[in-house]
Amino acid sequence: MSDKIDFQSLSFGMRRMGWIRFWTQSILGVVVTAVLLFSNVVNNNNSENQVTLNLGLSITTISLIFLIFSLWQSWLIVKTGRSLSSNARPSRGQTSKLIKRGLVNDLLGMVFGLIGYQAFMGELFIQASSQATGQLSTDKTTITGLEILSVLSNTQVIAAHFFGLCFSLWLLRRIYK
């Protein structure tokens with residue numbers, strides 16, 4: 001009888017954490033996608049910039065692809081949580097393999113996000129160091145709000161992967177408890 005209670009609480013915890021992970025990453029992913037699309041449209045129309053953020057945007061897009069896969073993993077965690085409350089439940093090994101796959105995915109997403117962040121910072125440093133100090137200028141080397149927004153989108157994709165990582169670690173601890 002105690003096994004049934006443990007499976008019920010594990011099922012509830014996996015479903016709850018899966019949904020929280022899904023919606024947290026979805027909201028951050030929508031914001032990141034909107035900023036990346038806006039950045040690509042504006043960068044294509046404004047081709048006279050001396051330094052572009054194309055490398056950082058490309059690497060952030062790779063991290064966003066990992067985030068989409070992480071959303072799919074969150075949905076699978078919710079489905080696994082539902083199946084734990086039935087009689088045809090997956091084994092501990094299958095469940096932990098699913099969570100570990102999500103864990104590795106979030107780690108890779110964070111790595112690409114951090115590399116993209118470094119690319120953004122390097123490009124913005126080059127742009128800032130070529131500006132004249134103490135003067136307001138509107139030439140092509142001025143750092144714009146769109147470039148700062150691009151860095152913010154990269155930070156949000158890193159945060160989304162971090163939340164996924166935290167939820168995966170919590171679920172692994174819960175499974176092996």
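Residues numbered from 1 in each chain as written. Predicted model: local features only at pLDDT ≥ 70, side-chain atom pairs only at ≥ 80, totals over all residues. Heavy atoms only, no water.

A.B. asks: Help me get a handle on the layout of surface pockets, residues and values and all.
C.D. replies: Sizing a probe to match a water molecule and rolling it over the atoms shows the empty space that remains. Computed from the structure, the largest pocket encloses a volume of approximately 280 Å³. If you go around the largest pocket, you meet 14 residues; those closest to its centre are Asp6, Phe7, Leu10, Arg92 and Ile175. Among the secondary structure elements, those contributing two or more residues to the lining of the largest pocket are α1 (2-45), α3 (92-129) and α4 (145-175). Class assignment of the residues belonging to the lining of the largest pocket gives a composition of five nonpolar, three polar and six charged. (1 Å grid on protein atoms, 1.4 Å probe; cavity = no way out; pocket = protein on both sides within 12 Å on 5 of 7 lines; lining within 4 Å. Points joined across faces, edges and corners; volume = space filled by probe spheres on them. Helix = DSSP H or I, 4+ residues; strand = E, 2+ residues; numbered from the N terminus. Nonpolar A, V, L, I, M, F, W, Y, C, P; charged D, E, K, R; others polar.)

A.B. asks: Break down the environment of His161 for me, with residues and values.
C.D. replies: Counting through the fold element by element, His161 comes out in helix α4. On the basis of relative accessible area, His161 is assigned to the buried category, the value being 0%. Measuring from C-alpha to C-alpha, the distance between His161 and Gln25 comes to 7.5 Å, with 136 residues separating the pair along the chain. In contact with His161, not counting residues within four places along its chain, are Gln25, Ser63, Phe66, Leu67, Asn105, Asp106, Gly109 and Met110. (Buried < 20%, exposed > 50% of the residue type's maximum accessible area, 1.4 Å probe, protein only. Contact = heavy atoms within 4.5 Å.)

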